[in-house]
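Structural characterization, general
This is what each chain is made of:
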Amino acid sequence: MANRTSWLFQTILAPWHDRRARSITDPVQRLRYLRKTMGTPEATSSGSYVYRKRLQQARWVLVLLLVAGALMTPRWLSTEVQAGSPRVLVVNGLDPKMPRETADEVQNIWMVESRAGEEWYSNGLRIDTNYVIANTPRKPVVVDRQSLKQKEFKGFAGIVFHTTESLIAPFEEGRNSTLRVATRGVLQFVQSQRCYHYVIDRFGRVHRVVKEEDTAWHSGESLWGDDESLYLGLNDTFLGIALESATKTGNDTADTVTPAQINAARLLTGLLRSRYRISPWNCVTHAQVSLNPAYFLIGLHIDFAANFPFAEIGLPDNYGRNYPSITEFGFSYNDVFLKATGTRMLTGLALSEDKLRRDAASKGLPLERHRAQLQEKYRSAMAALTVNTGAAEGKDKEK
Ligand SMILES: [Zn+2]
């Protein structure tokens, strides 16, 4: 029931609050509104946390929705693996607006033809391979979510989407030459730094740069997780895809990527999910996974902290998910990060804080004591594991 409540809140009430929050221009006021409506802790000026009750009105809506939900449980909420299905994921908080196949099944996509400098795939994807380069072999670090014991792991668990933060000329026909020169510069830089597996240029051309078998220095100190596992340092467990683009922050919805890039990202994501059986919940943006462990803050990098077109790329809106860095290891965030995020991500942050508070209450601990214990758990885990953040090679920052 708790999961059903969480699902209803995340998929129905949270988007409604999200739309209301979008009308609030000040980011701090926006978070305050979201915290109020979601019953999350709010920092006071003295630094202590005060829990605010969920709105009575929202509770009544929840009761009504629970009754409706009991009558109409969709197939994709099932926790059973069904015969004949390529893969059924055990997930909560699914977006009911998503077509079912993008959420719980992986479409089979195969290579049609490979020749010098290019590959073609059955979904229409073309990959340019002229810039391919090797790097060091991957050594993935994946731990069990409960025990934190390291697991045997091959392949990739997810995808991290980045922006190249490079020179972005106006996307106009008369600028073809400038646009092509800019792309060439980006590809040469990415190749020299080995920072991404793939780059999607502004015309939607997909370039493989670092070989998939090898590490790309794309995420540095980073963390993500799913129902079973936590992934520490995503350079070796997640593919890095960069869209030639520059970050827009807050609720600035001006185009940051071209329609051709969105289409290419959809095809490439489809191929990589097919090849490695990647969960859609593990396709996230750099801002969601980037860490600053010295201060236990998230969001050291802010690319796609807002406005990532999840739906257009065929993915659920992962901005609204719980953040394992917050719920499992007690990370937090500062005002700089809040100003960078849009309301969709604020919703996920507020939900994560809500879970943190509930976990502290269930253990009978003050919130800050619970948070300190989680941070100690993170330090111990990192001391026991060999995580390839790229720091030893001076590659812990992609740009
Ligand atoms: Zn990045």
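Everything discussed here concerns the structure shown above.
Residues numbered from 1 in each chain as written. Predicted model: local features only at pLDDT ≥ 70, side-chain atom pairs only at ≥ 80, totals over all residues. Heavy atoms only, no water.

**As for the overall build of the protein chain**
Tallying secondary structure elements over the protein chain gives 11 helices and 15 strands in all. Counted over contacts in the protein chain with a minimum sequence separation of 6, partners at least 24 positions apart contribute 69%. Just so you have it, the protein chain exposes about 17800 Å², and 53% of that area is on carbon and sulfur atoms. (Helix = DSSP H or I, 4+ residues; strand = E, 2+ residues; numbered from the N terminus. Contact = heavy atoms within 4.5 Å. Areas by Shrake-Rupley, 256 points an atom, 1.4 Å probe, with all protein chains shown as cover.)

**Quick look at the sheet that holds strand S9 (residues 206–208)**
If you trace the 8 strands from one edge of the open sheet to the other, you get S3-S4-S5-S9-S8-S12-S7-S13, paired in mixed fashion. Among the strands making up the open sheet, the edge pair consists of strand S3 (111–115) and strand S13 (283–285). Across the sheet, the mean angle from the axis of one strand to that of its neighbour is 25°, orientation sign disregarded. Examined bridge by bridge, strand S8 (residues 198–200) and strand S12 (residues 238–243) share 3 bridges and lie parallel to one another. Looking across to S12, one finds that Tyr198 is bridged to Ile241. (Pairing = 2+ DSSP bridges. Axes fitted to C-alpha atoms, helices over the stretch in contact; angles between N-to-C directions.)

**Points about the nonpolar core**
Ranked by internal contacts, the top residues of the largest apolar core, which has 68 residues, are Phe161, Leu232, Ile241, Leu268 and Leu349. If one sorts the elements of this core by residue count, helix H6 (residues 259–276) sits on top with 7 residues. Sequence-distant contacts of Leu232, defined by excluding residues within four places in its chain, comprise Val141, Val143, Ser222, Leu223, Phe329, Tyr378, Met382, Leu385 and Val387. (Core = buried A, V, L, I, M, F, W, Y, C linked by side-chain atoms within 4.5 Å. Buried < 20%, exposed > 50% of the residue type's maximum accessible area, 1.4 Å probe, protein only.)

**A closer look at the pairing of S12**
When you tally the buried positions in S12, you get 6 out of 6 residues, the bulk of the element. Side chains Phe238, Gly240 and Ala242 of S12 all project onto a buried face; the interleaved residues Leu239, Ile241 and Leu243 project onto the opposite face, where all are buried too. With 6 bridges connecting them, strand S7 (residues 158–163) and S12 associate as parallel partners. Looking at S12, one finds that Ile159 is bridged to Leu239.

**Observations concerning the packing of aromatic side chains**
The final tally for this structure, using the stated rule, is 13 aromatic pairs. For the ring pair Phe171 and Phe203, a centre distance of 5.5 Å and an interplane angle of 45° mean the geometry is tilted. Linking Phe171 in the loop between S7 and helix H5 (176–193) with Phe203 in the loop between S8 and S9, this pair joins segments that are 32 residues apart in sequence. The class of Phe171 is partly exposed, set by a relative accessible area of 40%. Residue Phe203 is classed as partly exposed on the basis of its relative accessible area, which comes to 30%. (Phe/Tyr/Trp six-rings, centres within 6.5 Å; stacked < 30°, edge-to-face > 60°.)

**Some thoughts on the sheet that holds strand S11 (residues 229–232)**
Sheet strands line up and pair through hydrogen bonds in the backbone, either parallel or antiparallel. Spatial ordering of the open sheet is given by S6-S11-S10, a layout of 3 strands whose pairing is antiparallel. With partners counted over all chains shown, the strands left at the sheet margins are strand S6 (142–144) and strand S10 (223–225), one partner each. Across the sheet, the mean angle from the axis of one strand to that of its neighbour is 25°, orientation sign disregarded. When S10 meets S11, the two strands line up antiparallel, connected through 3 bridges. In the strand pairing of S11, Gly225 is matched with Leu230.

**What to know about helix H11 (residues 367–384)**
Counted at 1.5 Å a residue, the expected span for H11 with its 18 residues is 26 Å, and the 26 Å between its end C-alpha atoms agrees. Here H11 has its buried residues at Leu367, His370, Arg371, Leu374, Gln375, Tyr378 and Ala381. One side of H11 holds all its buried residues, which, seen down the axis, span an arc of 140°. Opposite its buried face, H11 presents the exposed residues Ala383 and Ala384, each directed more than 90 degrees away. (Expected span 1.5 Å × (residues − 1). Arc of directions from axis to C-beta.)

**Description of unusual backbone geometry**
The general pattern is negative phi for most residues beyond glycine and trans for most peptide bonds. Look at Leu148: it is not a glycine, yet its phi comes out positive at around 65°. Overall, Leu148 belongs to the buried group, its relative accessible area being 19%. Positive phi, normally seen in glycine, also occurs at Phe304, with a value near 55°. Note that Phe304 resides in the loop between strand S15 (297–298) and helix H8 (324–327). We classify Phe304 as buried; its relative accessible area is 3%.

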